[in-house]
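Architecture and fold: a report
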Amino acid sequence: MAKIDYAALKKGGFMRQKQKGYFSLRIQVVGGNLTSENIRAVADVADKYGKGYVHMTSRQGVEIPFINFENIEEVRAALADGGVKPGVCGPRVRTVTACQGNEVCPSGCINTYELAKKLDEHYFGRELPHKFKFGVTGCQNNCLKAEENDIGVKGGMDVTWVEDKCINCGVCEKACRMGAISCANNTVTIDRTKCNNCGRCVKACPTEAWEGQSGYIVSFGGLFGNQIYKGEQLLPLIKDEETLFRVTDAAIGFFEKNANPGERFRLTLQRVGEDEFRKAIKAAYEGK
């Protein structure tokens, strides 16, 4: 057997197994979506080169175990014919995960898959001091658990009450899970300190008396491994993609500049100090 460059294979998604000469191949699944053509190609490779099964990971990944080192080039070619790309492992930006968002889910506030593709195109495979994960979820139901990621994005809405459309039915008050809306004396009030930008009032109102501008609720520094930390929302609702990408660029740049090798984002923030990071992302948010 030829000498194996494990680091190069790991960078290309081939993870070393305990069985000598065998690898589990991680494929790139952007936003949790695969086409039927992709799935057929993966199944064919698993049958021909693996053991006839795949492993579905907790981050929407698909891995094909028991790929023999001698078959790696054939496996790459067969997957490429089906439009399937390998994922990555090691110290770099991983594939972006996402729920189905407002294209499918009634609760969704943003198009999660389109955003996941853009984030993936912008960051996937970028070399960093350690692994870095993005997760995108469509609303405050948070099915994808955005705060577990180094950067998590949740869909939200900046809501406005339109008085002349309101019939004071009280549906919005019942729909609000935060107790932020009150309907009394033929008027509606909203406590902005309680509002979490979920947009449920907009979706529930039968007369469109609530209007909502979609946006992004971003959390930073989530970690779910040997140590567990919930990512923190350090900025207001972000209302446009340009600002979102300025902020994510600043965050990942801060990590790249300040992290030690093998150090996750949360641990970098703790060591360097969150105040410096807050300054960096606030400046990006404000376009400075």
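Bear in mind the structure is a predicted one, so any value in this text is a computation, not a measurement. (Residues numbered from 1 in each chain as written. Predicted model: local features only at pLDDT ≥ 70, side-chain atom pairs only at ≥ 80, totals over all residues. Heavy atoms only, no water.)

Turning to the overall build of the protein chain, a few remarks are in order. A count of helices and strands for the protein chain gives 9 helices and 13 strands. A total of 288 residues make up the protein chain; the buried ones form 47% of that total. Counted over contacts in the protein chain with a minimum sequence separation of 6, partners at least 24 positions apart contribute 67%. (Helix = DSSP H or I, 4+ residues; strand = E, 2+ residues; numbered from the N terminus. Buried < 20%, exposed > 50% of the residue type's maximum accessible area, 1.4 Å probe, protein only. Contact = heavy atoms within 4.5 Å.)

A few words on the side chain of Arg92. In this fold, Arg92 is placed in the loop between helix H3 (72-81) and strand S5 (97-98). Apart from residues no more than four positions distant in its own chain, Arg92 is found in contact with Lys11, Gly125, Arg126, Glu127, Leu128, His130, Lys131 and Phe132.

Judged by pairing direction, the sheet is antiparallel, and its 4 strands sit side by side in the order S1-S2-S4-S3 without closing on themselves. Two strands close off the open sheet at either side, each with one partner strand: strand S1 (14-16) and strand S3 (55-56). Each of strand S2 (22-27) and strand S4 (62-68) is contacted by helix H2 (residues 36-49), which is oriented at about 25° to S4, the strand it contacts most. (Pairing = 2+ DSSP bridges. Axes fitted to C-alpha atoms, helices over the stretch in contact; angles between N-to-C directions.)

The next point concerns H3. Taken together, the buried positions of H3 are Ile72, Val75 and Leu79. Projected onto a plane normal to the axis of H3, the buried residues spread over an arc of 60° and lie on a single side. In H3, the exposed positions that point more than 90 degrees away from the buried face belong to Glu73 and Asp81. Summarising the contacts, the buried residues of H3 are in contact with helix H1 (6-11), S1, S2, H2 and S4. Of the residues flanking the end of H3, it is Gly83, one or two places downstream, whose phi is positive at about 75°. (Arc of directions from axis to C-beta.)

Two elements in contact, H2 and H3, have axes whose closest approach is 8 Å; the angle formed by their N-to-C orientations is 155°. By the angle class used here, H2 and H3 are roughly antiparallel. Considering the relative orientation of H2 and H3, their crossing is right-handed. Across the interface between the two elements, Glu37, Ala41, Val42, Val45 and Tyr49 of H2 pack against Glu74, Val75, Ala78, Leu79 and Asp81 of H3. (Parallel < 35°, antiparallel > 145°, perpendicular 65-115°, else oblique. Left-handed = near helix turned anticlockwise from the far one by under 90°.)

Before going further, it helps to spend a moment on the sheet that holds S5. Reading across the sheet, the 5 strands line up as S5-S6-S7-S10-S13 and stay open at both edges, with mixed pairing between neighbours. Of all strands in the sheet, those with a lone pairing partner are S5 and strand S13 (232-233), marking the two edges. Here 11 bridges tie strand S7 (residues 151-161) to strand S10 (residues 210-220), and the two strands are oriented antiparallel to one another. When the sheet's bridge partners are listed, Asp158 is paired in S10 with Gln213.

Glancing now at the packing of aromatic side chains. Applying the stated criterion to the full structure yields 12 aromatic pairs. The interplanar angle of 35° and the centroid separation of 5.9 Å between the aromatic rings of Tyr6 and Phe23 together place this pair among those described as tilted. One end of the pair, Tyr6, is in helix H1; the other, Phe23, is in strand S2, and 17 residues separate them in sequence. Relative to Phe69, the ring of Phe23 has its centre 6.4 Å away and its plane inclined at 45°; by these criteria the two rings are tilted. You can see Phe23 sitting in strand S2 and its partner Phe69 sitting in the loop between S4 and H3, a full 46 residues away along the chain. When its relative accessible area of 19% is taken as the criterion, Phe69 is described as buried. Grouped by ring-pair contacts, the aromatic residues Tyr123, Phe132, Phe134, Phe220, Phe245, Phe254, Phe255, Phe265 and Phe277 constitute a single cluster. The ring of Phe66 carries Lys51 above its face, with NZ or CZ at 4.1 Å from the centroid. (Phe/Tyr/Trp six-rings, centres within 6.5 Å; stacked < 30°, edge-to-face > 60°. Lys NZ or Arg CZ within 6 Å of the ring centre and 35° of its normal.)

Another aspect to go through is the packing of helix H7 (residues 241-258) against helix H9 (residues 274-285). At a minimum axis separation of 8 Å, H7 and H9 run at an interaxial angle of 155°. Here H9 runs roughly antiparallel to H7, going by the angle between their axes. Seen along the crossing, H7 lies across H9 with a hand that is right-handed. Touching Thr243, Arg246, Val247, Ala250, Ala251 and Phe254 of H7 are Glu276, Phe277, Ala280, Ile281, Ala284 and Tyr285, all from H9. Each residue belonging to the contact of H7 with H9 can be placed in one class, and the counts come to 9 nonpolar, 1 polar and 2 charged. (Nonpolar A, V, L, I, M, F, W, Y, C, P; charged D, E, K, R; others polar.)

So, on to the nonpolar core. With 35 residues, the main nonpolar core has Leu115, Phe132, Phe134, Phe220, Phe265 and Phe277 as its most contacted residues. With 8 residues, H7 is the single largest residue contributor to this core. Once residues within four sequence positions are removed from consideration, Phe132 is found in contact with Arg92, Val93, Arg94, Asp150, Ile151, Ile252, Phe255 and Phe265. Ile4, Phe23, Val29 and Ala46 belong to the second largest nonpolar core, which has 20 residues in total. (Core = buried A, V, L, I, M, F, W, Y, C linked by side-chain atoms within 4.5 Å.)

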